[in-house]
Structures are given as C-alpha cells and as structure tokens.
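# Structural overview
For reference, the chains in residue letters:
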4 protein chains.
Amino acid sequence: MSEIYHKIIQMAEEMKPDLSKQRRCLHQYPELGWCEMRTSSLIARKLKDFGYDEVLVGKDVCDAASRMGLPPQEELELQYRRAEKQGADPEFLPATRGGFTGVIGILHCGEGPTVALRFDIDALPLTETLEPSHLPNALGFSSRNPGVMHACGHDGHTTIGLGTAKILVSIRDQLHGTLKLIFQPAEEGVRGAKSIVEKGHLDGVDYVLGAHLNGGTDKTAGSIGAGRGTTLATTKMDVTFSGKAAHAGMSPEKGKNAMLAAVTAVLNLHAIPRFGDAATRVNVGKLTAGSGRNMICDHAKLELEVRGNTAEANQYMEDYAHRIVCAAAAMHDCKVKTEFVGSAKCSLNSPELSELVRKVILEKAGIPTLSSPDGLTGSEDYSYFSERVQQQGGQSCYFLNIVHCAGPFHNPEFDFDEVGLVNGVKAFSVMSANLMNA
Amino acid sequence: MSEIYHKIIQMAEEMKPDLSKQRRCLHQYPELGWCEMRTSSLIARKLKDFGYDEVLVGKDVCDAASRMGLPPQEELELQYRRAEKQGADPEFLPATRGGFTGVIGILHCGEGPTVALRFDIDALPLTETLEPSHLPNALGFSSRNPGVMHACGHDGHTTIGLGTAKILVSIRDQLHGTLKLIFQPAEEGVRGAKSIVEKGHLDGVDYVLGAHLNGGTDKTAGSIGAGRGTTLATTKMDVTFSGKAAHAGMSPEKGKNAMLAAVTAVLNLHAIPRFGDAATRVNVGKLTAGSGRNMICDHAKLELEVRGNTAEANQYMEDYAHRIVCAAAAMHDCKVKTEFVGSAKCSLNSPELSELVRKVILEKAGIPTLSSPDGLTGSEDYSYFSERVQQQGGQSCYFLNIVHCAGPFHNPEFDFDEVGLVNGVKAFSVMSANLMNA
Amino acid sequence: MSEIYHKIIQMAEEMKPDLSKQRRCLHQYPELGWCEMRTSSLIARKLKDFGYDEVLVGKDVCDAASRMGLPPQEELELQYRRAEKQGADPEFLPATRGGFTGVIGILHCGEGPTVALRFDIDALPLTETLEPSHLPNALGFSSRNPGVMHACGHDGHTTIGLGTAKILVSIRDQLHGTLKLIFQPAEEGVRGAKSIVEKGHLDGVDYVLGAHLNGGTDKTAGSIGAGRGTTLATTKMDVTFSGKAAHAGMSPEKGKNAMLAAVTAVLNLHAIPRFGDAATRVNVGKLTAGSGRNMICDHAKLELEVRGNTAEANQYMEDYAHRIVCAAAAMHDCKVKTEFVGSAKCSLNSPELSELVRKVILEKAGIPTLSSPDGLTGSEDYSYFSERVQQQGGQSCYFLNIVHCAGPFHNPEFDFDEVGLVNGVKAFSVMSANLMNA
Amino acid sequence: MSEIYHKIIQMAEEMKPDLSKQRRCLHQYPELGWCEMRTSSLIARKLKDFGYDEVLVGKDVCDAASRMGLPPQEELELQYRRAEKQGADPEFLPATRGGFTGVIGILHCGEGPTVALRFDIDALPLTETLEPSHLPNALGFSSRNPGVMHACGHDGHTTIGLGTAKILVSIRDQLHGTLKLIFQPAEEGVRGAKSIVEKGHLDGVDYVLGAHLNGGTDKTAGSIGAGRGTTLATTKMDVTFSGKAAHAGMSPEKGKNAMLAAVTAVLNLHAIPRFGDAATRVNVGKLTAGSGRNMICDHAKLELEVRGNTAEANQYMEDYAHRIVCAAAAMHDCKVKTEFVGSAKCSLNSPELSELVRKVILEKAGIPTLSSPDGLTGSEDYSYFSERVQQQGGQSCYFLNIVHCAGPFHNPEFDFDEVGLVNGVKAFSVMSANLMNA
C-alpha cells in the first residue's frame, strides 16, 4: 500500500512546474460566477484528454432553476463572446452558453465507496493592483479581464483539481469505488453549490472533501489544517423597493418615496437584536436609490446578507430581515420585491473523517497537519455538499491548505505561495487513494 | 338703537372690578380638560341666578361618546373630590361627575336669528412660576392646584362669558331671536368642541362668535382683530406599541422590541414628505418606552399630532402617520393601538361677518379694530363650531382680543392685561345686540 | 408708435413655420447642462448672421470658477466630440470646449435703458418615450441623444429667443438703449445663472425679463401670466461619506460603515423640523453606497437639495442639513465632504413691471393676460438675474407662457403646443420695443 | 477531618426551619440597591450577636465615590425613614444613612489563607404578582414594599450568608486563616461590587466564592454547578439630551429637538456592527422624552447598556455608543450628558478551584455537582471581586445553586424552592472549612 502513496508524491513533485503554469494561465483569464465559460471548457477538455469515463458539462451539471444570483442574459451573452475570443475550447464552450458552467469528471473503479472532491473555479469583481511588486505583475500573469480578479485563490483550487485528476486517473487500477471531481461554479456569493446538489450529484456519495487556500504564519504555512470546520449559515438577498416619482419642490406629497423605505430598512436591518446563544451577522453591502436630485426617489435596491452560526439563528435573521423590508415598503406606500440570490448552510466536519485527514496527510504525504481552530466566521456553500452527504450517512471534511499569502483575501493585492498547489494535489490525492484503496 | 349700545358700554365699564375679581378667583382654581367640575358648577350657578331660561349641564352638554382624550375614571373621580373641597356649587356639581363638564345658557327672545357665543374654560398642565414679580404671585391669586395653571387665558375667556351673560340678560327685552352662551370644556388638546357639535347644539345657529386673548404690541394692544381667521386642521393621536420583554443579555432575540418600533416611527413621522401647496406640521411631543435597562422594551407610547392648513393636507398627514405607526409595529413584530384624542378643522371666518365685527365693535363699542393678518399657525377646535354653522348657511367669526401679555402663551410666566376682560365683554355684547336687534 | 407693434406682430406670424422647424431641430439634439456645445454654436451662428453687434461665446459668457455642478472633463470631452459629429458650427464650437457654453448677443441702439432677455437652453437626463402617439415620435423629431430629452421646454425657449432676436434686429433703428439676449446654459439643477451674473453681465441692466412655458387649461391656454413671481430659494449639495471596508462576516467591527452614516443622514434630513412662517423642502434624490454584499460599505454619496420660500428658511435648511451630514459621519467614524453644486434665490417680480407686462402684451400683442397665482413652489436660477438687477434699482419680471401641454414637465411624455413659440416671440418683442422705444 | 463536615451538615439540616423563616422575613421587606438599610442593619445585628470579630458597616464597607447609580439624596432619605418604621436595628441603621449599605463580617482564625464569601442583598423594582397561587401570597410573606420585590433570589442569598455565618463561627477553632463574609449592596445594575473592591476589601484574599440560585429541571434541580463561569463585561449608561422647547405649530424651527436626537441615537446604538470574534450586546431599555404633544421636545433620557464577552469587545461597544450619542446630540444642536451608572467585567472561574468546588461539595456535603455549561450570557459584578483576587494570584469560583423555580428570574411570578437555602449553606460552609482546615 505504501507504493501507491509513493507514486502519488513523486508525480505531484514532478508536475510542480506545470501546476504553476496552469495556475498562472487561469489567473490571466478570471471569470465571474456563472460566467466561467472559458474556464469550464478548458477543464472539460483536460478531463476528457485524461480519459475520464464521464465528463459532464452544461445542463448536466447544475439544476437550471436552482442557480442563484444568475446575471442577466445579455451579460451572459457578452461573457460567452469574450470566452470565444480568449481561447475557450470549441468542443465544450457551447454547452456553457446561458450560464451553464461547472464540470464534473467521473471515474468508475468498480465496487467501493463513492468519493467526491470539490473545487471552486470562479473569480471576484475586483481590479487587480497595478503595483509592480505584486507577483502577477512582476511575472506578467496578472488579470487581462478588467475589473475581474482571482483574489480568493480559486485559480489555485482549479489547478489543484486538475493536478489531482491527472494523478488519480493514472492509478485508477488500484482504486475501488467511484470518484467524482466536481468543479463548482459561482462559489462567491454562495450561489452555485445548491444547484449541483439539487441536480443529485451528491446523492450516494460516501465521502466528500473540499479545501481552501488559507493564509498562514511562519509557523503554520506549509501545513494542512482540519478541525471542526464550522462555517456560518448565510442568506443573500436583493431587495427592490418601487415607489413613485414626483417633483420634490412642487408636490413631494404626490410621490411614494422609495428612498425613505430603503434607508429605514437599512438602519433597522443593522439593528436586528443579537441572538442569545449564537453569533449572527447582517450587512447591507450595496444600496442604489433614485435618479435625480429634484425628484422623489421611485426605486431603490439593497444587496444584503445575513448569517448565523446555527441554522436557527440564520433563519431568525432571514425572517426578521424579510419582515423589515416588507414593513419599510408598507410604511412609505411602496412595493417591495425580495430575491434570494445566495445561501449557505452551517457546516461541521465529520470528526472521524477530520481526524483521518490529519493522520493520512501527515503520514502518507509527509505534510504537517494541525487541528485548525474554531471560529472561522465566513460562509461557504460547500456546506450544501456536506449537509447532503452527512444527511445520507456519509462523511465530510473541509480542510485548510495553509500557505504564506500576500495581501488579505478579496483584495487587489492578494497572492499566494504556489507551494500550496503541490500540497493541495498531494492532499486530495492521498486522501482519495486512502478512501478508495481499502 | 344707539341707546342699547350706550347701556352695554356703561354696564361693562361698571363691572370692571367684578370682572377682575371673577377672573382672579378662577385663576386660583384651574382645572384640566374634562375636569372643569368646580368651574362648570359655578358658571351654571351664575347663569341660573342671572335668570337664563335654560341652563344645560352634565350629559345635556356633550355627546358622551364624542369626548376625546378623556382622562381615566379614577383621575376624574379624584378631580371630583377636589372640586367638592374647593367650593363647587353643590346643586350643579353632581352633574359633572365622570367628566361631564361644560355649560350652556340659553335665552329665548322671540323671533329672530340664533346667535351662539363660545367661551373655553379649561387650564393647562403647567406649574405656575414662583417668580415674585409675576402678577398673580404679587397680588396673591396664583394657582392653588399644583401642576395646573391658566396659562392660556381661559380664566379670562370664562370671565368675559359671564360678564356678557349678565349684560345680555339685562337687555333681553330689546333682543330678537335666541341666544346661546356655550362654555366649552377641554379646548386644550382640541378635545371638547366636537362633542358639543355632535350633541346638536350648533344646529340651527345663524351666527357663531368666538375669541381669544392675544398678545399685542404698544401699537395693537387694546384693539380687536378680525381677519380671515385661518387655523390649522389638526389630529392628535396616542399610539401604543406592545411587544414582549426578554433579558437583553441572555436572549434578546426572544423579545419583541417595542422601542425599536417606536423610534423608527418617530423618525419616519418627522420625515413625512412636505405638502406642495399647503403647510403641514408633525410633532411627537412625548415618548415613554421601556421599564428597565436590561430588559427588551415591551411597551412604548407616543403622543403625537399632525396639522395642515387645508383639510386635505391634514388628512394626508394623518393617513401617512397611521401607516407609519402600523408598519413600524409590524417591522418589529409588535402590536399597535392608535387612539384619536383630539382634532380640529381648518377654519375660515365668514368674510361678511368678519367685516361686520370690525365695523360694529369700532363704531358701537369704541374699540379700535384691525384686520388681523393671516398665518396664525395654531389650531382651535372652535373650527368644529364654525364648520357646522357655515355648512348650514350660517356665518362664523373668530376674533382676537389683543392686549399686552407677560410671557408667552402656554408658559409658567404667562399673564395678560385685564383690560382684555372689559373689552371682551363689550365686543361680545355689542355684537350680540347688533345681530339680535334688527 | 402703433406701427412698430404692428410690424412685430406681422413678422412673428410670418415666422411661425420657421419657429416650429427650429424648435424641432433643437429637440432632436438635446444637450445637458454645460454640454450645450452644438446648441451654443448654432445660436452664435444665427446671432452673428442676424447682425448682432456683439456675440459673446465661450469664456466671455460665464465666470469659469462660478460654474456649479460642472461634469467631469472626460464627459465634457465626449460631449464635445458628439457636438462635432452632430453638425455644430465649426466657427463657434471650439470656444465651448471644456464646458464654456451659453451665448450673449448685444445690440447697441444709442441712449436709453439696458434691457436683458433671458432664455435657457439645456435639456434633461431622461429617455424620451417610445409611445407612437407622442408627437415628436409621430412627426419624427424625437431625441437622437439616448438618455437626454428636452422635457422642460427649453428647446422652445431657445427658439423663442432666436425668433425675438431676428425681429428686434430688424427694428433696431426704432429702439433706444442696449439690448442683451442671454442664452443661459445649465438651468436644470440651477447651476448656470450665477456664473453669468458673476461675470458682470447683469450690471447696469435696467429691465430683465424671463419666461417659462407653462401648462394651461382650456380656459388659460394661449395667455400670458404675470403675477408676484415668487420662487423658492434652493441649495443643491453633493455629500460624500468615506469609511473603511472590512469583511462583513469575519470582522465587521474593523470597518467604518459609510452606509450607516448615509442612511442616518437621509432619514434625519427628511425629518428637519418644518419652518413656522415659510415653506421649506428637502429631498435626497439619489444615493449610491457600497460595492459588494459582503463588505462593510466604505463610501456613500448623496445628491440632495433644500428649498425655502424665504432666504432665511432656505439658510435654516442648508445649515441644518450641513450639521446632519457632519454628525452622521462622526457617528460612524467616517469622513464627509460636502460640495455645493447649485443654488437659486427667492425671487419676486417688480410689481410695476409685472403690471406693465400684463398691459402691454394684452394691448400691443393682442394676447390675453392674467395675474398668475402665487404658490409656484419650484426654483429658478433666473432669481440670480432678478436679484442683481433689483439690487441696482432695476426691475425684473418673469412671466408664464401658458399653453396646452402633453404629460407633466420633466417627464418622458412631455410635449407642448407650439402656439407658445409665436406667443413667446410676440411677448418678448413687444415688451422690448415698449421698454426701448420711449 | 470528616468530623467537621459531619457537624456542618448536621447544623445545616437543623437550621432548615430558621432559614425559611429568615428568608420569608427578608422577602417581605425588599429594598432596592443602596437602600438596603433595614436589611444591612439586621445583618450586622446578627453577625455581632454571632460573635464576629469585626462587623464593618456604613462608610467602612464601600468607597463612597465609587458607588455607581446612587439614587438621589431625597430618595435615600425617604428609604431611611421607611427602614426606621419597618423594624431596622437601631444600633446599625444610622451608619447606612445616605446610601452606605452593605456589611462585612470578619473572623480571625490565626495563620492560613484568607477566604471571602460574597452574598448580594438587594431587590428589584417590580410589583409582586397578586396571583393567590404564588407561594409568598399563599403563605402570606409577599412584599410589603409597593413596587419592590425580591425577584432575583437575593433574599435567599442573604439568608444563606447568615446561615453560613452561624455555622462557621461555631467551628472557628478548627479553622485556619481569615474569613470574610461580604454582604454586597446594589448588585442589580452591577453597581455595588466596584466600591467594595475600591475600598480594598479584596486585597490579600486567596480564595473568593460567590453563587447564584439558578432554575433547574427535574434532572438538575438540587445540585450545584460549577464550570468555566464566564460572564459578559458590561457598561451601563444614562444619557440625557437637552434641547429647547418651542410651539410645534407656530415655530417648530425655533426648538432644538431632543427627541430626534434620542431616537436617532437609539436606532444607531442597536445598529452598532457586530464583533468578529466576540459576542456583544446593546440595549436601550428605557427612554423618556418630552412633556407635551404640541411642544418640541426639549429633553430626553436613555437608559442603556452594552456588553461583550471580552474586555476589548465591551470597550468597542462602549466607545461606539459614546460616539453615537454625542453625534446624535450634535446633529440636532442639543447638549448631551453621559453618566456611567454600572459596570461589570468579564469573569472566568479559576479551573482548579472550580474543580475543587465540584469535588468537595459532592464528597463532603453529599450534594450532586455538575460542570455547568458555558454560555451564560448575563453579567455579574462579582467579576470585580474575581478579577482583583485573580490578579493577585488568588483563585475565584462562582457556582450555581440549582433548584426548581416558579416563573423566570426578574419576574413578578418568581419564586424558588427553599431547598436551595440549606444546600447553599452546606456548600459555602464545607468549602470554607475545606479551604481553611488544611
């Protein structure tokens, strides 16, 4: 059994230069959620070339109606045209038209457990820094798509997924069971996972693993962390108030002031009482209202999110938020529309699998591991995967791939140490081998 | 015809000392709206002694159900007991029990028009100044009822009504028609007039007159002003929010926060958009909420008013205010109760009667008159009287009895020059004689 | 003297078709304030061809530093290029580069009074309706500039100015004094007048006249109204709050929440207490805040205006508004910047000139006139013109050119009956002749 | 060593009826914080009669200037007179005049550790239920002081302190060290502990113990719980806004609206952003503003508290709250005064002492013990005691005396099973014996 791990480690070491190249190539062409058309086509191309038994694309990946926060069709069309120009794979691109992104590669290896690995592939609406010392600038691989940037490391995640895919297919004879590599779209805004789960791809999965690059200190960088894996449940909403315009000087009383509704909602949303035994969050991150200074504002839009570290607390926040926006609209005789554009669940690692991850990666991949501390107060739609698998009796573990990082995540200066690429490939590969080699 | 006016003027001059005495006596025993029990009993006593044909008291004056802003029964009972102790008239006091205050005196003088005169009799919840230079202190007639004060001149109005009553009964042979002297309770907070109108006392009235003492300059003091007589319509509301208490540290989410509902309502009430072609007002004058620092507030009470110088504008304000308080309650899952505790209408003098007032008072009483300017932005429930009379084809005039005043109205330092007493008696008497002597 | 009026009327009647043509041509190429480059160049061309003694353009018209609410230079440059393509006059266009729009034509006719006529020339940021029944659509002269529309009749005002210019130059021998035709930019947002006054063009003016097309009923359409001419003083401000971003899930306390500052400001701005004896207005017409749902908002911008029908009331509103935005910023530890981007004064017609306008236009132009009612609660930066002229002992009158209109002003459906064009030409021409022919 | 525990248990069992009697007597005469004058005098009487070496009262107990949230002197004087009438001890009462309540009893037992026990003695501003089934009603020992009630079990705590005092003095020969029994005033509102600490009474203390009656289930009632003992740091503030009154109809702009300042503060206080890695709380529990409906509100008072489960988080809340109230006042041109009326620190039990408590009470007193769960999100000014002792190298444990309770704490229906009295006496006595018998 030792032999298989040995082979994995050797292959991973050898592909180091390729991993860097692959990641930098992806970094140059970042695509936003549901627009990862070029990216998806290239992933599918690779998986097919590697020889995966099934390569699912387009409508086979996501449940169309469950795609949250889908951009308008015109936007999707523009993105499609850009993908065409930027070297998308012509065989697989057409399937992504209209926002059908994401890829699933499947390997059937006989009897045995079903193991799913999840890699997220989308980028963020940020303009990459022009600072010359920023590595992507220094080495010439910074974003070519204005206003879009891989500032959350998903270029790395995708690269790790492809590297893992290559290794595992090469040792398929020694694996038992079914392997599913899920390249998920639209993780930012926690929009994509639900539609993959709704399509049924997690049904029957025995083990699911996910990971995120994570900033470490001199002491922790280079290790893999796996702990309780708690994340906050969250609900993302777009709220639109519709009122009626009127001249602000002559007849303000003839209007229906959507701005007053909106600002009343914002203040009260932030004032939702705290929750006794759970942490909660609320944020209205964006607000646009009105068209002209001397007109009573007739429309306003809020982009907001609530969170809770228990399902109950998040539901409390969501319900309260919904009540506030409805009442704020009624108060100023406006109409209101609430659209749910993203959501994640509270997630917890399965303790046994978490322990196994720490043990196997340390012993078989030679990477130091640690029990990562609690208190991560972010949200992840990986939680949809873990919930479905755990509900069916399976196990889940979301681990941290800890490396030195430049700049905070979600920031124009973000960059990560590419040692994380090979570590990630090793970690996913040895874990898959372990689970499927019994 | 000149002879009758001559007699009126002579009588009025002769009663000067009595008027001062009467007013000062009333000033010492001020009573709040619906509690003018001692006051009402003494008015009734006088009218009966003068020989009025009818003296209506108790339930014959006000429509019970239309009495707005009635104090709680216990409070009324306490006031009744105080009146007993403070020398109320034993024959008429019992009829006032339970808040049935106000008196109407009627004189039947054969064929002719029905003329109604209105005098308001209640005081304000203010503590009279202790300043020795304040005349009621210097002369020893300041309020003996703690926290209550005649700071709006209604002690003067009542005195004028009684003086007028005495003169007119003495010339009844020369009058033609019906005279109604209405001593109205609860003008402060515009609560009382409606119930008198609802009882039908203004039906069939051809002319109605009312007046208010008014602060003048060296130039205007001592004159009578009658102009367009515009007043603001107003609606007074008490709004109560009911939520649910909870411990603010352990489980704030289990409460229903009535304070958040209340403060959201207050801010939004003041933010009701202005009205294009009318003046509006809104004020939450009083707010009490909560019981303890560490409990989620479970009840809150707002005392508020809206105004408008057109009926439409006042209605707009009232409707908007009502919508706001309902929505604010819904926003925080609270219950809300709105009680209407006062209202007045927009009022306008009948131009012909206003002109007649200026002419007759100048020529027959020898008092200078002026066309008082517009823009008085207060409210008066005399407006209920004028509206009813004008709707039936009658005429109304509300005039100003202008004198030097110390301190602003509704203020602990308020006092007025008692020359206003004799001027008021002359004005009402000559006008009544004029209207009923044709 | 009758002869000169006869000639004016005849010329005006004859130019009817040309006026329509001119107006429709302007309607097709609407330009926003400070961007009326094509329009200005064509006006200057016409005035020069008519033979005006002086035709001022570019930096000779407006004081550069007093131009309020100037768009960014890039925007001005884009507009300049569009003007080039849309047939601007090549001689006069260059002077307008950088937002130096507006034209003044001067006729020197010897001794006599100086008479200034004011015509505003800018359009609004509105998309014209596509409704086929809308006359500009039916006749094919609707806006060719997306998102910009002459929805306030300034295409008509400009046309009236040019028609008047043509008539008056043709009778210059019979005029005495100096005639100034002022084609003012950027009236919308009350931004342009101040810079013309600051340049000194109103100094020494004896009479100034301005007018606005106005919607009438069957009874009033076709007449000219001149009354007290009251308008509201106003101040327009852009307020920018700067805070600090932070991740809304992980560390909301590390941000400085500019959105909370902004919404608190908006609610309190609308809640500024009303003013006792003056009408006031306040409106935040536009608000943009934040960049992403899960980030603490770090910037917010308010576009607001206050108004008052006395200078004192407007100042009260401006001061209170300024205090609110400063305190709202301080409350959430943000910075705030207030930029004044427009202002107008209270204005009143000179009663004699107003009466003269009614008399002369009725008698000499045969157009019915009326004393227009008070209570126009809009604002006009014509007030800068009238204030300056009246301060120097001159007279001002702003009159209404009343016609049937389709749709309300400032609305995608707006259109006006072109009879207003010839009426406007007659009115300005006979008044100028009257004032300069003594 | 077993013998001493045996004696304690026996004495405790025998005093059961006396404990009930004592508690019921205290329950009948509840006194609010800093007004526990009768209570203090009776405690001092008992301690002196028991033979305590020192009995500190009056100014020897609390540092005068550190007494937070002291009632006005008139109120204290009224309470003093009531205590006189209700059977206070004449020897000790005078020392309490002016709010110098609380008692400390000291026993010197030679060499050994100093052990402090803390018992809080004040009641709550609540009206006890009239419900006949409420035990204090059924047995005739409900509150005789209107509006005041022992609804937090401090009557029980005081009783336990006196029972413990009696037992420990009887076994003084077998104790080594110094025993301090601290009967602390004004725990409600976390006002009293600081002044005792500031007086130096905790200096040199090696062990400090405190306890609270706690509501249990069938499973847990009758046991003692001791766990991590975390409590929230808190700061209590009274905030007063001062503005200027004006007539709301005639000249609202002449006022300075303290209500608008207050409601803006309340909404924004509740909207203070949550804290990333700590729990926070904020509550405005009480708000009173304004005096009359038609006057611009000129004063408003907020009673508020903030909390945090780290010192840093509580400081963040306090600083933010302070900034909000200052800015809200500035916004509406009002003055503001902030008074700090209470505070508690974060507290944690010393793990070794906590473990010892569980072990000793189980083994020596025969009472089941449990490791009480985390997450108590209340505040306790016992934290001042524990902080001072722990800073000096001593140990602290605050444990729960779990019994069946009727009604929630701080509620008119509250009552507790008196088995808690004997359990409390046993627990404190065996722990003291254990710590002082080595």
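Everything quoted here is computed from the prediction, not taken from an experiment. (Residues numbered from 1 in each chain as written. Chains lettered and ligands numbered in written order. Predicted model: local features only at pLDDT ≥ 70, side-chain atom pairs only at ≥ 80, totals over all residues.)

Counting its secondary structure elements, chain A contains 12 helices and 14 strands. Counting only C-alpha atoms, chain A reaches 85 × 50 × 40 Å along its principal axes. Taking contacts inside chain A between residues at least 6 apart in sequence as the whole, the part at least 24 apart equals 84%. (Helix = DSSP H or I, 4+ residues; strand = E, 2+ residues; numbered from the N terminus. Contact = placed C-beta atoms within 7 Å.)

Turning our attention to the domain arrangement of chain A. Residue and element names in this part refer to chain A. Partitioning chain A into structural domains gives domain 1 (2–228 + 347–436) and domain 2 (233–344). Contact with domain 1, which involves 12 residues of that partner, is made by 10 residues of domain 2. Of the residues contributing to the side of domain 1 that touches domain 2, the split by class is three nonpolar, five polar and four charged. (Domains from an automatic or database assignment. Nonpolar A, V, L, I, M, F, W, Y, C, P; charged D, E, K, R; others polar.)

Expressed as a screw operation, the relation of chain B to chain A combines 0.1 Å of axial shift with a rotation of 180°, fitting to an RMSD of 0.1 Å. What we have between these two chains is a two-fold relation. Rotation axis and chain B: the residue whose C-alpha lies nearest the axis is Ala327 of chain B, separated from it by 2.5 Å. Most of the interface of chain B is mirrored in chain A: 100% of its interface residues are interface residues there too. (Least-squares fit on C-alpha atoms with pLDDT ≥ 70 in both.)

Time to look at the interface of chain B and chain A. Taken together, the contact pairs 22 residues of chain B with 23 residues of chain A. Elements represented by at least two residues in the side of chain B that touches chain A include exactly helix 9 (258–270) and helix 10 (311–331) of chain B. A per-element tally of the side of chain B that touches chain A places helix 10 of chain B first, with seven residues. Among the residues making up the side of chain B that touches chain A, the classes are represented as 12 nonpolar, six polar and four charged.

Residues and elements named next belong to chain D. Here helix 10 (residues 351–365) crosses helix 12 (residues 419–436) at 105°, and the two axes come no closer than 9 Å. Considering their axes alone, helix 10 and helix 12 lie roughly perpendicular with respect to each other. Residues Val357, Val360, Ile361, Lys364 and Ala365 of helix 10 touch helix 12, and the partners they reach there are Lys426, Ala427, Val430, Met431 and Asn434. (Axes fitted to C-alpha atoms, helices over the stretch in contact; angles between N-to-C directions. Parallel < 35°, antiparallel > 145°, perpendicular 65-115°, else oblique.)

Before going further, it helps to examine the relation of the copies chain C and chain A. To go from the first copy of the chain to the second, apply a rotation about an axis and then a shift along the same axis. Note on the copies: chain C fits chain A at an RMSD of 0.2 Å, the axial shift is 0.2 Å, and the rotation between them is 179°. An overlap of 98% is found between the interface residues of chain C and their copies at the interface of chain A, pointing to a shared contact surface.

The next thing to look at is the interface of chain C and chain A. At the junction of the two partners, chain C supplies 40 residues and chain A supplies 39 residues. Every element with two or more residues in the side of chain C that touches chain A is listed here: helix 8 (258–270), strand 8 (280–289) and strand 9 (299–308) of chain C. With eight residues, the top contributor of residues to the side of chain C that touches chain A is strand 8 of chain C. Counted by class, the side of chain C that touches chain A contains 17 nonpolar, 16 polar and seven charged residues.

All right, on to the environment of Asn294 of chain D then. Considering the arrangement of structural elements, one finds Asn294 of chain D in the loop between strand 8 (280–289) and strand 9 (299–308). A C-alpha to C-alpha distance of 40 Å links Asn294 of chain D and Tyr80 of chain D, two positions 214 residues apart in sequence. Sequence-distant contacts of Asn294 of chain D, that is, excluding residues within four places in its chain, are made with Asn283, Gly285 and Glu305 of chain B together with His247, Ala248 and Gly249 of chain D.

What follows is about unusual backbone geometry. In this structure, Ala186 of chain A takes a positive phi of about 55° despite not being glycine. With 31 C-beta atoms counted inside 10 Å, the residue Ala186 of chain A sits in the buried group. Notably, Trp34 of chain C is not glycine yet its phi reads approximately 70°, a positive angle. As for its placement among the helices and strands, Trp34 of chain C is situated in the loop between helix 2 (16–28) and helix 3 (37–50). (Buried ≥ 20, exposed ≤ 12 C-beta atoms within 10 Å, placed from the backbone.)

What follows is about the pairing of strand 3 (residues 114–120) of chain C. All names here are of chain C. In terms of burial, strand 3 is largely enclosed, as seven of its seven residues are buried. The alternating pattern of strand 3 places Thr114, Ala116, Arg118 and Asp120 on one face and Val115, Leu117 and Phe119 on the opposite face, and all of these are buried. One ladder, built from seven bridges, connects strand 3 with strand 4 (residues 177–184); its direction is parallel. Of the residues in strand 4, the one forming a bridge with Leu117 is Leu181. In terms of strand pairing, strand 3 meets strand 5 (residues 207–215) through four bridges, oriented parallel. Looking at strand 5, one finds that Val115 is bridged to Tyr207. (Pairing = 2+ DSSP bridges.)

Pairing in this open sheet of eight strands is antiparallel, and the strands run 10(B)-7(B)-9(B)-8(B)-8(D)-9(D)-7(D)-10(D) from one edge to the other. Among the strands making up the open sheet, the edge pair consists of strand 10 (335–344) of chain B together with strand 10 (335–344) of chain D. Along the sheet, successive strands turn relative to each other by an average axial angle of 25°, direction set aside. In terms of strand pairing, strand 8 of chain D meets strand 9 of chain D through nine bridges, oriented antiparallel. Across the sheet, Ala289 of chain D pairs through a bridge with Ala300 of chain D, a residue of strand 9 of chain D.

Before going further, it helps to examine the confidence of the model for chain A. Averaged over chain A, the pLDDT score is 95; the fraction of residues at 70 or greater is 98%. Scored by ipTM, the complex comes to 0.84, with pTM at 0.88. (pLDDT = per-residue confidence, 0-100.)

Residues and elements named next belong to chain A. Look at helix 3 (residues 37–50) against helix 6 (residues 154–170): their axes get within 10 Å of each other, and the N-to-C directions meet at 10°. With respect to their mutual orientation, helix 3 and helix 6 come out roughly parallel. Contacts between helix 3 and helix 6 involve Thr39, Ile43, Lys46, Leu47 and Phe50 on the former and, on the latter, Thr158, Leu162, Ala165, Lys166 and Val169. Along the lines of polarity and charge, the residues of the contact of helix 3 with helix 6 split into six nonpolar, two polar and two charged.

All names here are of chain A. Counted residue by residue, strand 12 (residues 395–403) has nine buried out of nine residues, so it is predominantly covered. As paired elements, strand 5 (residues 207–215) and strand 12 share nine bridges and run parallel to each other. Looking at strand 12, one finds that His212 is bridged to Leu400.

With that settled, consider the sheet that holds strand 11 (residues 369–370) of chain C. Residue and element names in this part refer to chain C. Pairing in this open sheet of eight strands is mixed, and the strands run 1-2-4-3-5-12-6-11 from one edge to the other. With partners counted over all chains shown, the strands left at the sheet margins are strand 1 (54–56) and strand 11, one partner each. Direction of pairing for strand 6 (residues 224–225) relative to strand 12 (residues 395–403): antiparallel, over a ladder of two bridges. Along strand 12, the bridge assignment pairs Ile224 with Asn401. Against the sheet, helix 6 (residues 154–170) engages strand 2 (103–109), strand 3, strand 4 and strand 5, with an angle of about 150° to strand 3.

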